[in-house]
Amino acid sequence: MGGDHGPPVVVAGVRDYRKRHGGAGVRFLLHGDEASIRAEMAKNGLGEDVCDVRHTDKVVAMTEKPAQAMRRGKGSSLWNAIEAVKSGEAGAVVSAGNTGALMAISKLLLRMSAHGLERPAIVASWPTLRGVTAVLDVGANVESDAEQLVEFAIMGEAFHAAVHGGDRPTIGILNVGSEDMKGHEEVREAARILREGGFGLAYKGFVEGDDIAKGTVDVVVTDGFTGNIALKTAEGVARFISALMKEALTSSVSAKAGALLALPALRRMRQKIDPSAINGGPLLGLNGIVVKSHGGADAKGYGNAIRIAVDLARSDYLKKVSESLNRLTIVLEQPAVDSVAMETPQ
């Protein structure tokens, strides 16, 4: 029921997912106002064989603060959908609703999979010259210590393998330089743990901001403050470039003629940077799969968020993350070995 559009986009997103990805073996539990949902199901040709409707007239507003949502949200469409994952009735939940409420209620009901992780990490699928790079965190954790950065690396690697393919995704930590001595203590310590911890990850070292778009590594790890600024800067630059191109290609008759000739190439470029194609940011670190769709997503974008949720639910993502986080706990509990100068007997 949340997001900018509610049931019209959510139900159409179900149809889009089935049209583009087949939908075999996937059923949908749609939580919210039954009359509104069934009206959209009829418009989109979806029947009882595909969707179950779970009625509630209680909705978490987009303007509610997380604390309010936790106090008053029980029985809402958002709460009930997350609870379905907790009970095992659903394999994943997708929501375009209130991000803070989704995160708070998910943490409350599903709990965190790692003791040191205070909040879930939000991962963004970033289009690059080589395909797609997973960048995390992009806004959930403003500050992150070395242990949390390593947890992000573990979760990001498992996410990329499950959703974007590849047997051994490569990992880098975002830093102000690629040299080992660069950056603050937390990123240097995280790098040491990844190198020496025996996690079996393909850690490639520090990467810089321009490495994200190059696709230098498959997973870029950073704190939520830096990641959110990087993401929004990239989105702003993309809109700026699109505006410049539109202005240039419509500036004269000859420019319009050239644009017409280049139309197939321009369409391919637009598809690559289309936000709908990469919509869907999982909240990693929970004991369950929760995917946040952009509030203003269209049906195609919501369908892509569903695809990410299904891919994660069908993978061994949660098991793989649990095993690696257990290994991290063992590494962190090992006592530090200090070198002691021994005096040679005379």
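Definitions and limits used
- Residues numbered from 1 in each chain as written.
- Predicted model: local features only at pLDDT ≥ 70, side-chain atom pairs only at ≥ 80, totals over all residues.
- Heavy atoms only, no water.
- Axes fitted to C-alpha atoms, helices over the stretch in contact; angles between N-to-C directions.
- Helix = DSSP H or I, 4+ residues; strand = E, 2+ residues; numbered from the N terminus.
- Parallel < 35°, antiparallel > 145°, perpendicular 65-115°, else oblique.
- Left-handed = near helix turned anticlockwise from the far one by under 90°.
- Contact = heavy atoms within 4.5 Å.
- Nonpolar A, V, L, I, M, F, W, Y, C, P; charged D, E, K, R; others polar.
- Expected span 1.5 Å × (residues − 1).
- Buried < 20%, exposed > 50% of the residue type's maximum accessible area, 1.4 Å probe, protein only.
- Polar contact = N/O pair within 3.5 Å; in protein donor to acceptor, adjacent residues only side chain to side chain.
- Salt bridge = Lys/Arg side-chain N within 4 Å of Asp/Glu carboxyl O.

Visitor: Where do I start with the packing of helix 6 (residues 146–164) against helix 7 (residues 185–196) in this structure?
Guide: A pair of packed helices is characterised by two quantities: the angle between their axes and the separation of those axes. Where helix 6 meets helix 7, the axes come as close as 8 Å, and the angle between the chain directions of the two elements is 50°. One finds that helix 6 runs oblique with respect to helix 7. Both helix 6 and helix 7 take part in a crossing whose hand is right-handed. In this structure, helix 6 uses Ala 146, Leu 149, Val 150 and Ala 153 to contact helix 7, whose residues at the interface are Glu 186, Val 187, Glu 189, Ala 190, Ile 193 and Leu 194. Among the residues forming the contact of helix 6 with helix 7, the class breakdown is 8 nonpolar, no polar and 2 charged.

Visitor: What is the right way to read helix 5 (residues 99–110) from this model?
Guide: Each full turn of the α-helix corresponds to 3.6 residues, which orients residues three or four apart in the same direction. For helix 5, spanning 12 residues, the distance from its first C-alpha to its last is 16 Å, which sits close to the expected 16 Å at 1.5 Å a residue. Inspection of helix 5 places Ala 101, Leu 102, Met 103, Ala 104, Ile 105, Ser 106, Leu 109 and Leu 110 among the buried residues, and these make up the whole buried set. On the buried face of helix 5, the contacting elements are helix 3 (66–72), helix 4 (77–87), strand 3 (93–95), strand 4 (121–128), strand 9 (281–284) and strand 10 (290–292). Where helix 5 begins, the capping side chain belongs to Asn 98, and its oxygen is found 3.1 Å from the backbone nitrogen of Gly 100.

Visitor: Is there a simple way to explain the pattern of salt bridges in this structure?
Guide: Oppositely charged side chains can pair when the atoms bearing their charge come close. Enumeration over the complete set of coordinates arrives at 13 salt bridges. Here Lys 182 ties to Glu 179 by a salt bridge, and the two come within 3.2 Å at their closest N and O atoms. You can call Glu 179 partly exposed: its relative accessible area is 36%. With a closest N to O distance of 2.7 Å, Arg 192 and Glu 189 form a salt bridge. Taken as a pair, Arg 192 and Glu 189 lie in helix 7 at a separation of 3 residues, close to a single helical turn. For Arg 192, a relative accessible area of 32% gives the class partly exposed. Residue Glu 189 is classed as partly exposed on the basis of its relative accessible area, which comes to 29%.

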